[in-house]
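One letter stands for each residue in the lines below.
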Amino acid sequence: LAHLVEAIGRAERARGGRLGDGVAALGELSSFALEERVEAAGQVAYKRVPGSALSLQIPLELASNAAEVAAHEAKEDKRQKLDPAAAPPPDDPVVPLVSFEACLSRYLAVETLENFRGHAGAAKTTRFATFPRVLVVQLSRYYTDADWTAKKMAVAVPVPETLSLEAFRGGGLQPGESPLPDEPNEPAPAPAPAASPQPDEAIVAQLVSMGFSENGARRAALAVSNSSPEAATEWVFAHMEDADFNDPLPPPGSSGQAGGGGGGGGPEASPEAIEMLSAMGFTERQARGALAATGGAVERAADWLFSRTDDLESAVAAALGEGGGGGGGGGAAAAEDDGPGEYDLVGFISHMGSNTSCGHYVCHLKKDGRWVLHNDRKVAVSEAPPLELGYIYCFRRRDA
C-alpha cells in the first residue's frame, strides 16, 4: 500500500497542478503526525514523528477466549497422536479472539527505554499530534516463524465501525513540566582535506573496450560521479562531439576536471540528468535542485529526492539557494491537515488463505450504508462482512 501511494504521488508531482487548488494529493490524505513523549529524571522531551499508517500488533496473550483456545489445541494434539493420518474434523477451529481496544492499548502503552540522552529507564508514550482525513490502520497478522517461513496469525480482531481517538491526542509540554535538555554536542573532528575525485578504472576500461579514447572515458566516469558504466556511456554519446572530449583531464583542483563541455559537476545540470529524474515523476525544478545538492550525480540525486518527500519543496529551495520554499513545479508544501479524532470505517482489505505464499486479497467498501464486496470482477452486497478478519482498514474522519 505504501508503495502504491508513493507511486501515485510521483505521478502527481510530475504533473504539477493537475489536481487544482484545494485538492489534496493522495499521500496527504493519510499523512499525520505522532507526538512522542519521553520522561526521564523528572524531565520530559517531546518529538513529532510523521506517519502514514497506524501499524498495530495483535497481543495474542490478551485473547478473551484463551481457555477455549487452549482446550481446542489440546484436543487437536490428542487426536493427531491417536491417528496422525486422520483428516481434521469438519467443525470450525477455535481461534483467539482479541479486541481492537487491546491492540490500540498495546500501541499507546508506556514503553521503557534502556537509555535516552544518558538516562536509563526512561518512559516513552506515543499520542496523536494530528488526525488525518483518512486513517489507515494495519493489523500485523503476518510474522516470520523460527524456521524463517512467513506465516499468518489465525486470530479474530473485531474492528468497530466507528472510532473515537480524540482522547489520545497529545498536548505538548504541559504546565509544570520541565524540558529535558539535549545531549551536549561533542566537537566535530576537523574535516580531512578533500581528495580530488578519480575516475573508476573499471568504468574507464569498459568504455575503452567499446572504442572510446581513454581521456574521454575518464571524463565520462567523473562526469557521472562513477555511478555506473551505463550512465557513463550515455554521457559519452551526449558529449563525444565536444571540443575537449579527448583532451587530458585538467590538473586536480581545476574547475574543469569533472567532465568536459559543460558536463556534470558544474552549476548547470545536464539535460540528460534532468530528463532521467523527470521520468521518475519529479519536476524539472526538483531535478535541478537535487542535482545541485549532489554534484550532478543522477543516482545520488534520485536518492536525495525520495528521502525528502515529506518537505521536498523546502529542500529544493534550499538546494537552489532560494530564500523561501515556494516556487514553481508543484508549489509549497500543503498546510498540515487536522481535525477531530472521530472516524467511520469506510473500507477494509482482507486475505483469504493460510499464509502469504497462497490465497487471495479481497476488499469491502461501504457505500450508501451497505457493505459491498469487491473480489476481482465479482462485486456484490455483503450481508455479513468479516470485520474481524481484515488486514488493512480505512477510516474516514467525520468532518472530511
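The text that follows walks through the structure, step by step, so that each part is easy to find. (Residues numbered from 1 in each chain as written. Predicted model: local features only at pLDDT ≥ 70, side-chain atom pairs only at ≥ 80, totals over all residues. Heavy atoms only, no water.)

As enumerated under the stated definition, the model contains 14 salt bridges in all. For Asp337, the salt bridge is made with Arg133, and the minimal N-O distance between the two is 2.7 Å. Taken as a pair, Asp337 in the loop between helix 11 (312–319) and strand 10 (342–352) and Arg133 in the loop between strand 5 (119–128) and strand 6 (134–139) lie far apart in primary sequence, 204 residues in all. For Arg133, a relative accessible area of 31% translates into the label partly exposed. The closest approach of N and O atoms between Glu214 and Arg218, which form a salt bridge, is 3.2 Å. Placement of both Glu214 and Arg218 in helix 6 (residues 214–223) is noted, with a separation of four residues, approximately one turn of the helix. The class for Glu214 is partly exposed, based on a relative accessible area of 44%. Salt bridges sharing partners connect three or more residues here, namely Arg133, Asp337, Arg397 and Asp399. (Salt bridge = Lys/Arg side-chain N within 4 Å of Asp/Glu carboxyl O. Helix = DSSP H or I, 4+ residues; strand = E, 2+ residues; numbered from the N terminus. Buried < 20%, exposed > 50% of the residue type's maximum accessible area, 1.4 Å probe, protein only.)

Attention shifts here to the side chain of Thr126. If you trace the backbone, Thr126 turns up in strand 5. Residue classification places Thr126 among the buried positions, given a relative accessible area of 11%. Leaving out residues up to four positions away in the same chain, Thr126 has contacts with Leu34, Glu35, Glu36, Tyr107 and Leu108. (Contact = heavy atoms within 4.5 Å.)

A few words now on unusual backbone geometry. Of note in this structure, Arg117 is not a glycine but carries a positive phi near 50°. With respect to the helices and strands, Arg117 occurs in the loop between strand 4 (111–116) and strand 5. Residue Arg117 is classed as partly exposed on the basis of its relative accessible area of 28%.

At a closest axis distance of 8 Å, the pairing of helix 6 and helix 7 (residues 229–239) adopts a crossing angle of 120°. By the angle between their directions, the pair helix 6 and helix 7 is classed as oblique. Crossing angle aside, the handedness with which helix 6 passes helix 7 is right-handed. Residues Gly216, Arg219, Ala220, Ala221 and Ala223 of helix 6 pack against Ala232, Trp235 and Val236 of helix 7. (Axes fitted to C-alpha atoms, helices over the stretch in contact; angles between N-to-C directions. Parallel < 35°, antiparallel > 145°, perpendicular 65-115°, else oblique. Left-handed = near helix turned anticlockwise from the far one by under 90°.)

Let us now look at a nonpolar patch on the surface. A cluster of nonpolar residues, Leu1, Leu4, Ile8 and Leu26, forms a patch on the protein surface that exposes about 330 Å² of accessible area. Within the element layout of this structure, Ile8 appears in helix 1 (residues 2–14). The class for Ile8 is partly exposed, based on a relative accessible area of 32%. (Patch = residues over 30% accessible without salt bridge, like charges linked within 9 Å, V, L, I, M, F, W, Y side chains within 5 Å. Areas by Shrake-Rupley, 256 points an atom, 1.4 Å probe, with all protein chains shown as cover.)

Moving on to the sheet that holds strand 4. Strand order in the open sheet formed by four strands is 2-1-5-4, and the pairing between neighbours is antiparallel. In this open sheet, the two strands that pair with only one neighbour each are strand 2 (43–51) and strand 4. Adjacent strand axes in the sheet meet at a mean angle of 35° when their direction is disregarded. Two elements, strand 4 and strand 5, share five bridges in a ladder whose sense is antiparallel. Bridge pairing in strand 5 places Phe116 opposite His119. (Pairing = 2+ DSSP bridges.)

Taken as a whole and judged by the stated rule, the model has six aromatic pairs. Centroid distance Phe348 to Trp371: 5.5 Å. Interplanar angle 65°. Geometry classified as edge-to-face. Here Phe348, found in strand 10, pairs with Trp371, found in strand 12 (residues 370–375); they are 23 residues apart in sequence, far enough to count as distant. Accessibility expressed as a relative area gives 1% for Phe348, which makes it buried. Grouping aromatic residues by their ring pairs yields a cluster made of Phe32, Phe128, Phe131 and Tyr343. (Phe/Tyr/Trp six-rings, centres within 6.5 Å; stacked < 30°, edge-to-face > 60°.)

Right, let's talk about the packing of helix 8 (residues 271–278) against helix 10 (residues 298–306) for a bit. With their axes 10 Å apart at the nearest point, helix 8 and helix 10 run at an angle of 40° to one another. Between helix 8 and helix 10, the angle falls in the class oblique. Taken as a pair, helix 8 and helix 10 cross one another with a handedness that is right-handed. Contacts from Ala273, Met276 and Leu277 of helix 8 reach helix 10 at Val298, Ala301, Ala302 and Leu305.

Position of Asn65 among the secondary structure elements: in the loop between strand 3 (54–56) and helix 3 (66–82). For Asn65, a relative accessible area of 13% gives the class buried. Every residue in contact with Asn65, bar those within four places of it in the chain, is listed here: Val94, Val95, Pro96 and Leu97.

As paired elements, strand 1 (residues 32–40) and strand 2 share nine bridges and run antiparallel to each other. When the bridges of strand 2 are listed, Phe32 appears paired with Gly51. Connecting strand 1 to the next strand, strand 2, in antiparallel fashion are two residues, including Ala41 with a positive phi near 55°.

What follows deals with the pairing of strand 10. Strand direction decides the pairing type here: strand 9 (residues 162–164) and strand 10, joined by three bridges, are antiparallel. Bridge assignment links Ser164 to a residue of strand 10, and that residue is Glu342. Where strand 10 lies against strand 14 (residues 390–397), seven bridges are found, and the strand directions are antiparallel. Bridge pairing links Ser350 to Gly390 in strand 14.

A separate point is the nonpolar core. Among soluble globular proteins, nonpolar side chains are generally buried collectively. Val157 and Phe395 are the most contacted members of the largest nonpolar core, which has 30 residues in total. Mapped by element, the contributors of at least two residues to this core are strand 1, strand 3, helix 4 (100–108), strand 6, strand 10 and strand 14. Here the element with the most residues in this core is helix 4; it accounts for five residues. Apart from the residues lying within four places of it in its own chain, the contact partners of Phe395 are Arg133, Val134, Leu135, Val137, Val159, Pro160, Leu163, Tyr343, Asp344 and Leu345. (Core = buried A, V, L, I, M, F, W, Y, C linked by side-chain atoms within 4.5 Å.)

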